Amino acid sequence: MKCLFVLSTALLVLYLTSCANNAKINMQQQQQITAELTQITNLLRDSSFALNMAKNQEAAYYKAKDQPAPAFLPENERSGTVERGVTDEKIAANIAAFYALECAMGALMEQEGGTPLEWLNKIKTNQLDSSEVLLLNRFANATWKAGQPFRSLKRITRDNFISSVLLPEAEVKKDYDQVCAAADKLMEAMQHVKEAPKAEQLQKLKALLQSKSFAVEMAQHMEAAYYAAQQQAAPVFLKPGEDTATISKSAKEEKIATNIAGFYALECGLSYIATAQQKLPSVVLHSMVNESLDAKSKRLFERFANATWKAGQPFRGLDRITRDVFIPFDLLSKEEQEKDWVQVKAAAEKLLQSLAL
């Protein structure tokens, strides 16, 4: 009996010691994750790094097409401007969460099955678990980030332009509120196909993505929802004359914004995996560069890239959402999906060089 007691005590000590060691390792892992995401945040907010990353991304795009990259900023464009419609700008600034919702739903359907309307209903009725909410939030943050340099490069230096892991809960809630608002509007627009199979629902989603009139409706709805969440009255969406007015934008900043979307996709994908799977960003980055990343994670990064690309298109002109490639990710050809991977992988290579992780 005495031997049994001694053995039991020894096993208990070993178990408690193991638990303590595991807790210490987990804490150290979390601290390292936070430290790496903080380093990435510093680069996110650096305008000179944004320029270098955008150059890198454009070069990767042309390399993938076996074409020589042109000068990133010809001398006549360095201080030049481009004219953009005020209406397009207003729509683009408010519609990002719709693109986040659409791409996140694709990821959820791939992982867990279901149809677009089944997932919209889960969002509306608060049936998502914490991991699903996390995914939606990261997509929302990615599309929001993609739009900021289009509005002004100075916006990337603001206090909330940081890794989602470092955001206060109030800011994270804003992302989720916007996704929920987009889900409400989208669900309403898709009601007549609620009993249809997934393929038919995706075709309806495609039609809504490419509809300029629906983009206006969605943007108005999203802005109203934002102000309602802040318990403020929403202003008039477009003031008299703004429907035909234009605004001058920096050609340099638009060039940066157009090419840097893959970096924001990478950053938000890393943030999601770090939180959901407790993986170090540096480990994920190395696996991306050496092509050892698992297929599931690769597809997820491609979806993030597609979301950030979509978020930038209406800033360049609302007509761009009517193009053949502005469709749900799962309806894209393999060739088009690979373009998203090229951009994310190029951003990973550049980020690793800059961080020396």
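Residues numbered from 1 in each chain as written. Predicted model: local features only at pLDDT ≥ 70, side-chain atom pairs only at ≥ 80, totals over all residues. Heavy atoms only, no water.

1. Details of the nonpolar core
So the rule is basically this: The definition of a nonpolar core used throughout is a set of buried Ala, Val, Leu, Ile, Met, Phe, Trp, Tyr and Cys residues joined through side-chain atoms within 4.5 Å. With a 1.4 Å probe rolled over the protein chains alone, any residue whose accessible area is under 20% of its type maximum counts as buried; one over 50% counts as exposed, and the rest are partly exposed. The secondary structure listing takes helices from DSSP runs of H or I that are at least 4 residues long and strands from runs of E that are at least 2 residues long, numbered from the N terminus. Should any heavy atoms of two residues lie within 4.5 Å, those residues are counted as being in contact.
In this structure, Phe 98, Leu 101, Leu 186, Leu 266, Phe 301 and Leu 351 are the most contacted members of the largest nonpolar core, which totals 93 residues. The leading source of residues in this core is helix 4 (residues 96–112), at eleven residues. Once residues within four sequence positions are removed from consideration, Phe 301 is found in contact with Ala 265, Leu 266, Gly 269, Leu 270, Ile 273, Val 284, Met 288, Leu 293, Trp 341 and Val 344.

2. Notes on the packing of aromatic side chains
To keep it simple, the criterion reads: Stacked, edge-to-face and tilted are the three classes for Phe, Tyr and Trp ring pairs, Trp counted by its six-membered ring, which pair at centre distances within 6.5 Å; planes under 30 degrees apart are stacked, over 60 edge-to-face, the rest tilted.
Tallied over the full model, the rule gives twelve aromatic pairs. A centroid spacing of 5.5 Å and a plane angle of 70° characterise the contact between Phe 49 and Phe 263, whose relative ring orientation is edge-to-face. Remark: Phe 263 occurs in helix 11 (residues 261–277) and Phe 49 occurs in helix 2 (residues 47–64); sequence separation between them is 214 residues. Relative accessible area serves as the criterion here: at 6%, Phe 49 is assigned to the buried category. Since its relative accessible area comes to 1%, Phe 263 is described here as buried. Relative to Phe 326, the ring of Trp 309 has its centre 5.7 Å away and its plane inclined at 45°; by these criteria the two rings are tilted. Pair noted here: Trp 309 is in helix 13 (residues 295–316) and Phe 326 is in the loop between helix 13 and helix 14 (334–355), with a separation of 17 residues, a long-range link.

3. Regarding the confidence of the model for the chain
To keep things clear, this is the line we draw: What pLDDT expresses is the predictor's confidence in each residue, scored from 0 to 100.
Looking at the chain as a whole, its pLDDT mean stands at 92, while 92% of the residues score no less than 70. Low confidence marks residues 10–22, where pLDDT is under 50. Its contacts with residues over four positions away, or in another chain, come to zero contacts.

4. Remarks on the packing of helix 5 (residues 116–124) against helix 7 (residues 169–189)
Convention followed: Between the N-to-C directions of two axes lies an angle of 0 to 180 degrees, each axis being a line fitted to C-alpha atoms and, for a helix, fitted only over the stretch in contact. Roughly parallel here means an angle under 35 degrees, roughly antiparallel means over 145, roughly perpendicular means 65 to 115, and every remaining angle is called oblique. Handedness of a crossing is defined here by the sense of rotation of the near helix relative to the far one, left-handed for an anticlockwise turn of less than a right angle and right-handed for a clockwise turn. Note on residue categories: nonpolar means Ala, Val, Leu, Ile, Met, Phe, Trp, Tyr, Cys or Pro, charged means Asp, Glu, Lys or Arg, and polar means any other residue, Gly included.
Look at helix 5 against helix 7: their axes get within 9 Å of each other, and the N-to-C directions meet at 130°. Put simply, helix 5 runs oblique to helix 7. Crossing of helix 5 against helix 7: the hand is left-handed. Together, Leu 117, Leu 120, Asn 121, Ile 123 and Lys 124 of helix 5 and Tyr 176, Cys 180, Ala 183, Asp 184, Leu 186 and Met 187 of helix 7 make up the contact between the two elements. Broken down by class, the residue content of the contact of helix 5 with helix 7 amounts to eight nonpolar, one polar and two charged.

5. Some details on the side chain of Glu 302
Put simply, the rule reads: Charge convention: Lys and Arg are scored as positive, Asp and Glu as negative, and His as well as the terminal groups of each chain are ignored. Every case where a carboxyl oxygen of Asp or Glu lies within 4 Å of a side-chain nitrogen of Lys or Arg is listed as a salt bridge.
Within the element layout of this structure, Glu 302 appears in helix 13. No salt bridge is formed by the buried Glu 302, whose closest oppositely charged neighbour, Lys 298, lies at an N-O distance of 4.4 Å.

6. Details of the environment of Lys 122
If you trace the backbone, Lys 122 turns up in helix 5. On a C-alpha basis, the gap between Lys 122 and Glu 110 in space is 16 Å, while along the polypeptide they are twelve residues apart. If sequence neighbours within four positions are ignored, Lys 122 has contacts with Gln 127 and Leu 128.

7. Structural notes on helix 9 (residues 212–229)
Heads up, the rule is: Helix span is expected to be 1.5 Å times the residue number reduced by one. What the arc covers is the set of directions going from the helix axis to the C-beta atoms.
For helix 9, which comprises 18 residues, the first-to-last C-alpha distance of 26 Å matches the rise-based estimate of 26 Å (1.5 Å per residue) to within 8%. Every buried residue of helix 9 is accounted for by Phe 214, Ala 215, Met 218, Ala 219, Met 222 and Glu 223. In a view along the axis of helix 9, the buried residues occupy a sector of 165°, so they form one face of it. For helix 9, the elements touching its buried residues are helix 3 (86–94), helix 4, helix 7 and helix 8 (198–209). The positive-phi residue at the C-terminal boundary of helix 9 is Gln 231, with phi of around 55°.

8. Observations regarding helix 2
Think of an α-helix as turning once every 3.6 residues; residues three or four places apart then point the same way. For helix 2, built from 18 residues, the straight-helix expectation of 26 Å at 1.5 Å per residue is met to within 8% by its first-to-last C-alpha distance of 26 Å. Three or more residues of helix 2 are buried, namely Phe 49, Ala 50, Leu 51, Met 53, Ala 54, Gln 57, Glu 58, Ala 60 and Tyr 62. In the stretch just after helix 2, Asp 66 is the one whose phi turns positive, near 55°.

9. Quick word on the pattern of salt bridges
Evaluation of the coordinates by the stated rule reveals 19 salt bridges. The salt bridge involving Glu 89 is made with Lys 249; its shortest N-O contact spans 2.9 Å. With Glu 89 in helix 3 and Lys 249 in strand 2 (residues 246–250), the pair connects residues that are 160 residues apart, well separated along the chain. Like Glu 89, the residue Lys 249 is buried in the burial classification. Linking Arg 303 and Asp 330 is a salt bridge whose minimum nitrogen-to-oxygen distance equals 2.9 Å. Placement of the pair is Arg 303 in helix 13 and Asp 330 in the loop between helix 13 and helix 14, with a sequence separation of 27 residues. Given a relative accessible area of 1%, Arg 303 falls into the buried group. On the accessibility criterion, Asp 330 (33% relative accessible area) is partly exposed. Linked by salt bridges that have partners in common, Glu 110, Arg 299, Arg 303 and Asp 330 make up one network.

10. Quick notes on unusual backbone geometry
Of note, Asp 66 is a non-glycine position whose phi angle comes to about 55°, a positive value. Inspection of the secondary structure puts Asp 66 in the loop between helix 2 and strand 1 (81–85). Within the chain, Glu 291 stands out as a residue other than glycine whose phi angle is a positive 60°. With respect to the secondary-structure elements, Glu 291 resides in the loop between helix 12 (281–289) and helix 13. Overall, Glu 291 belongs to the partly exposed group, its relative accessible area being 44%.

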